[in-house]
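Commentary on secondary and tertiary structure
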Amino acid sequence: MTRIICDTMIWYELSKNNLQVPDPKKYTLVCTYLSLMELAFSPNNFKNLSEVQEAVRHIFVVKPEIILDYPTDHAKSLIDNDFHLKHEIESDLTLAFLRVLLNHPKEGLISNSFKDQLENISNTRKNNMAEWAEFMNELYQDDTDIRRALKKYSQKDSDVVYFKKWFLHRLNDFEEDKYSSEKMPWELFEFYISIGAHYMRTMKLSRMKADGNDENDLRNMIYVQPRDKYWTLEKKWLTFAREAKMSQYLYHPNDH
């Protein structure tokens, strides 16, 4: 059975019947923790709550495999037999907010402390994403001559090495040195590393600007394992996957 890891937009489109659920005899849909977080704390909850509610309800109807770990924690569970993370569902903030959202009238959120908390979290996430995009854009804003030299002399392999180091930095929580490149089963993260390295290279060699959503989109790809498929409708990531020679990971609705 082939797993299909979905991005958040897929759940919206499935709930609107704009997409068809893949053959359950061949495919297992996967809903990631990042998708649940994006639904729980989306600004869309303040504009079109019913749309979010339908997307969440559709997840329950489809009954996908649900991964309840953050991307880096999920990666650690795959590479480290000693890493055990017990997920407390009852105390999980994301799941708690989703439960409350589903019980709200579809007409919109009621003004109360829950709405205030949701707005605070949503704004914090929005600001964090904007700061990440700003940092990336400042980091890669070289002048034309430098960009031309990088295009001529910079090698793709060096971008992969750099991105792997960045990923290890995240796995090691920016301080520890538990996970090393030599002991990493890099083949488990081929899709994520290839797309991430190509993204960074494109930032470096072109005038592409980072978008606030890019970080979460990339992190969602950590869940994708060999023999999995990734389902997205975003042209940016479809293009990056093709350019990085990762098309074999992409799921298309007309796949058989």
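Residues numbered from 1 in each chain as written. Predicted model: local features only at pLDDT ≥ 70, side-chain atom pairs only at ≥ 80, totals over all residues. Heavy atoms only, no water.

A look at helix α10 (residues 190–205)
Across its 16 residues, α10 extends 22 Å between first and last C-alpha, which sits within 8% of the 22 Å expected from 1.5 Å per residue. Within α10, 15 of the 16 residues are buried, leaving the element largely enclosed by the surrounding structure. (Helix = DSSP H or I, 4+ residues; strand = E, 2+ residues; numbered from the N terminus. Expected span 1.5 Å × (residues − 1). Buried < 20%, exposed > 50% of the residue type's maximum accessible area, 1.4 Å probe, protein only.)

What to know about helix α4 (residues 49–62)
Residues lying three or four places apart along an α-helix face the same way, a consequence of the helix completing one turn every 3.6 residues. Taking 1.5 Å as the rise per residue, α4 with 14 residues should run 20 Å; its terminal C-alpha atoms sit 20 Å apart, in good agreement. Considered for burial, the residues of α4 that qualify are Leu49, Val52, Gln53, Ala55, Val56, His58 and Ile59. In this fold, the buried residues of α4 make contact with α1 (8–15), β2 (27–32), α2 (33–40), α3 (44–47), β3 (65–67) and α6 (93–102). Two residues or fewer past α4, Lys63 is found with a positive phi of approximately 55°. (Contact = heavy atoms within 4.5 Å.)

Concerning the sheet that holds strand β4 (residues 229–231)
Taken in spatial order, the four strands of this open sheet run β3-β2-β1-β4, and their pairing is parallel. The sheet is open, and its two borders are formed by β3 and β4, each paired with just one other strand. Neighbouring strand axes in the sheet, compared pairwise and without regard to direction, differ in orientation by 30° on average. The pairing of strand β1 (residues 2–6) with β4 spans three bridges and is classified as parallel. Paired with Ile4 across the strands is Lys229, a residue of β4. Where α1 meets the sheet, its contacts fall on β1, β2 and β4, and the angle it forms with β2 comes to roughly 115°. (Pairing = 2+ DSSP bridges. Axes fitted to C-alpha atoms, helices over the stretch in contact; angles between N-to-C directions.)

A few points about the pairing of β2
When you tally the buried positions in β2, you get five out of six residues, the bulk of the element. Note: β1 against β2, four bridges, orientation parallel. Bridging from a neighbouring strand, Ile5 pairs with Val30 of β2. For the crossover that starts at β1, traverses α1 and ends in the parallel β2, the hand is right-handed. When β2 meets β3, the two strands line up parallel, connected through three bridges. Across the sheet, Thr32 pairs through a bridge with Ile67, a residue of β3. (Right-handed = clockwise from strand over helix to strand, strands pointing away.)

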